[in-house]
Amino acid sequence: AALSSALALLLSLWGAGTAATPPPAILSRGATMTDVLAAASPSDWRPNDPANTLYLELDAGRVIMELAPAFAPQHVANIKRLVAARYFDGLAIARVQDNFVVQWGDPENQRSTAGAARTLPAEFDQPDSPEVKFTRLPDVDGYAPQVGFSNGLPMARDPARKRIWLTHCYGALAVGRDNAPESGGGTELYVVIGHAPRQLDRNTTIVGRVLRGMELLASLPRGAAPMGFYGKREERVAIRSIRLAAELPVEQRTPLEVLRTDTPTFDALLEARRNRRDEWYVRQSGHIDLCNVPIPVRDAGQGATY
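These numbers were taken from a predicted model, which means no experiment stands behind them.

What counts, and where the lines are drawn
Residues numbered from 1 in each chain as written. Predicted model: local features only at pLDDT ≥ 70, side-chain atom pairs only at ≥ 80, totals over all residues. Heavy atoms only, no water. Helix = DSSP H or I, 4+ residues; strand = E, 2+ residues; numbered from the N terminus. Contact = heavy atoms within 4.5 Å. Areas by Shrake-Rupley, 256 points an atom, 1.4 Å probe, with all protein chains shown as cover. Polar contact = N/O pair within 3.5 Å; in protein donor to acceptor, adjacent residues only side chain to side chain. Salt bridge = Lys/Arg side-chain N within 4 Å of Asp/Glu carboxyl O. Buried < 20%, exposed > 50% of the residue type's maximum accessible area, 1.4 Å probe, protein only. Core = buried A, V, L, I, M, F, W, Y, C linked by side-chain atoms within 4.5 Å. Pairing = 2+ DSSP bridges. Axes fitted to C-alpha atoms, helices over the stretch in contact; angles between N-to-C directions. Disulfide = S-S within 2.5 Å.

Colleague: Can you help me understand the overall build of the protein chain in this one?
Modeller: In terms of regular secondary structure, the protein chain is built from six helices and 16 strands. Taking as baseline every contact in the protein chain between residues at least 6 positions apart, the subset at least 24 positions apart corresponds to 71%. With the model as given, the accessible surface of the protein chain reaches about 14,300 Å², and the carbon-plus-sulfur share is 51%.

See below:
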């Protein structure tokens with residue numbers, strides 16, 4: 001399909017380097033998220049880092065998760081040690097709670113961690129740092145003074161306390177724990193599959209997010225026992241393996257590209273989602289929730305965005 005006049009103007013202005021941020025006039029002419037992504041340049045995308053990418057292999061396929069060491073360095077390092085020790089291989093998804101989480105680990109708590117820690121001090125938030133790029137969402141959030149994105153991750157910020165943390169949006173990867181804050185270490189992990197449970201923010205350690213394969217987790221049978229646990233061993237979903245992408249030969253990896261969240265292109269995407277101008281929409285809301293902003297991911301070098 002031919003580019004809209006809005007998109008053509010967007011391309012010409014960005015190509016000439018005349019706009020640090022997308023001019024509102026462009027968006028008022030009707031640019032949609034599809035238009036914005038069509039106008040994106042290769043530099044608007046970044047490859048996922050194999051050293052911080054996990055492959056969760058199920059019978060149904062591969063779930064790809066990106067780790068966030070800047071926000072939970074001790075837990076990410078420990079999870080990598082667990083993966084290197086093949087801790088998760090042959091374990092199972094034991095909990096699938098409707099509109100909440102998928103959780104996996106060792107239900108019997110018998111497997112050796114092979115030198116990795118079983119528990120760690122909580123990393124619910126981190127000191128703010130200029131090294132952590134923050135693209136702020138202009139809308140008010142009920143859970144934090146400021147919210148936005150850093151390197152493709154939804155995050156929150158408290159300027160007064162100078163603290164930052166990741167948020168429980170759909171697809172968030174986090175560490176299960178008992179009542180004590182320091183009772184988690186990465187031997188139990190969960191992924192959010194329902195409406196964003198933001199009340200969990202700063203109550204568990206978030207270590208990353210799912211880049212691809214959410215449909216494999218969200219479509220699992222719900223557990224009938226309390227809190228969505230599978231009541232019978234045979235109901236559990238077997239985990240073939242979890243591997244760090246960097247461990248695998250290049251031909252066995254799934255290279256992806258994630259839309260950068262520190263560019264004018266992402267600013268335009270934010271506005272296109274805050275005020276939907278697709279033909280179906282009658283009214284624009286002028287607001288968007290942090291967890292309703294999509295972070296596009298595509299196959300590396302192919303340009304197929306999903």
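Colleague: How should I be thinking about the side chain of Asp 299 in this particular structure?
Modeller: Relative to the helices and strands, Asp 299 resides in strand S16 (residues 297-299). Here the side chain of Asp 299 touches Arg 212 through a polar contact of 2.3 Å, side chain to side chain.

Colleague: Can you help me understand the pattern of salt bridges in this one?
Modeller: Proximity of charged atoms lets side chains of opposite charge pair with each other. Taken as a whole and assessed by the stated rule, the structure comprises 21 salt bridges. Where Arg 222 meets Asp 98, a salt bridge forms, and the shortest distance between an N and an O atom there is 3.1 Å. Linking Arg 222 in the loop between helix H5 (214-218) and strand S14 (237-244) with Asp 98 in the loop between strand S4 (92-96) and strand S5 (101-105), this pair joins segments that are 124 residues apart in sequence. Judged by its relative accessible area of 53%, Asp 98 is exposed. Of the charged contacts, one joins Asp 262 and Lys 133 as a salt bridge, the two residues approaching to 3.3 Å between their closest N and O atoms. One end of the pair, Asp 262, is in the loop between strand S15 (256-259) and helix H6 (264-274); the other, Lys 133, is in the loop between strand S6 (126-127) and strand S7 (135-136), and 129 residues separate them in sequence.

Colleague: How do you make sense of the nonpolar core when you look at a structure like this?
Modeller: A general feature of soluble globular proteins is that nonpolar side chains tend to end up buried together. With 35 residues, the main nonpolar core has Leu 56, Phe 88, Ile 93, Trp 104 and Leu 217 as its most contacted residues. One finds Val 36, Leu 37, Leu 211 and Val 293 within the second-largest nonpolar core, a separate group that totals 32 residues.

Colleague: Explanation requested: the sheet that holds S6 in the structure shown.
Modeller: What links the strands of a sheet is backbone hydrogen bonding, and the strands pair in either a parallel or an antiparallel sense. Read from one edge to the other, the open sheet built from five strands follows the order S6-S10-S9-S8-S7, with strand pairing classed as antiparallel. Every interior strand has two partners, whereas the edge strands, S6 and S7, have only one. Pairing between S7 and strand S8 (residues 146-150): two bridges, direction antiparallel. Bridged to Arg 136 within S8 is Gly 148.

Colleague: How should the environment of Phe 266 be read in this particular structure?
Modeller: Residue placement: Phe 266 occurs in helix H6. The sequence separation of Phe 266 and Val 36 amounts to 230 residues, and the corresponding C-alpha distance is 8.4 Å. Here Phe 266 is in contact with Thr 135, Phe 149, Leu 259, Arg 260, Thr 261, Val 293, Pro 294 and Ile 295, once residues within four sequence places are set aside.

Colleague: Hey, could you run me through the sheet that holds S4 in this one?
Modeller: Spatially, the eight strands close up into a barrel ordered S2-S3-S13-S11-S12-S5-S4-S14, and their pairing is antiparallel. Averaged over all pairs of adjacent strands, the angle between their axes in this sheet comes to 35°, without regard to strand direction.

Colleague: Sorry if this is basic, but what is going on with the state of the cysteines here?
Modeller: Here is the idea: a disulfide is a covalent bond, and it sits between the sulfur atoms of two cysteines. Tallied over the full model, the rule gives one disulfide. Disulfide pairing places Cys 169 opposite Cys 291 at an S-S distance of 2.0 Å. Taking the sign of the torsion about the S-S bond as the criterion, the disulfide between Cys 169 and Cys 291, at about -75°, is left-handed. Note that Cys 169 is positioned in the loop between strand S10 (163-166) and strand S11 (172-175) and Cys 291 in the loop between H6 and S16, a separation of 122 residues in sequence. This pair shows no difference in class: Cys 169 is buried, exactly as Cys 291 is.

By themselves these figures say nothing about function.
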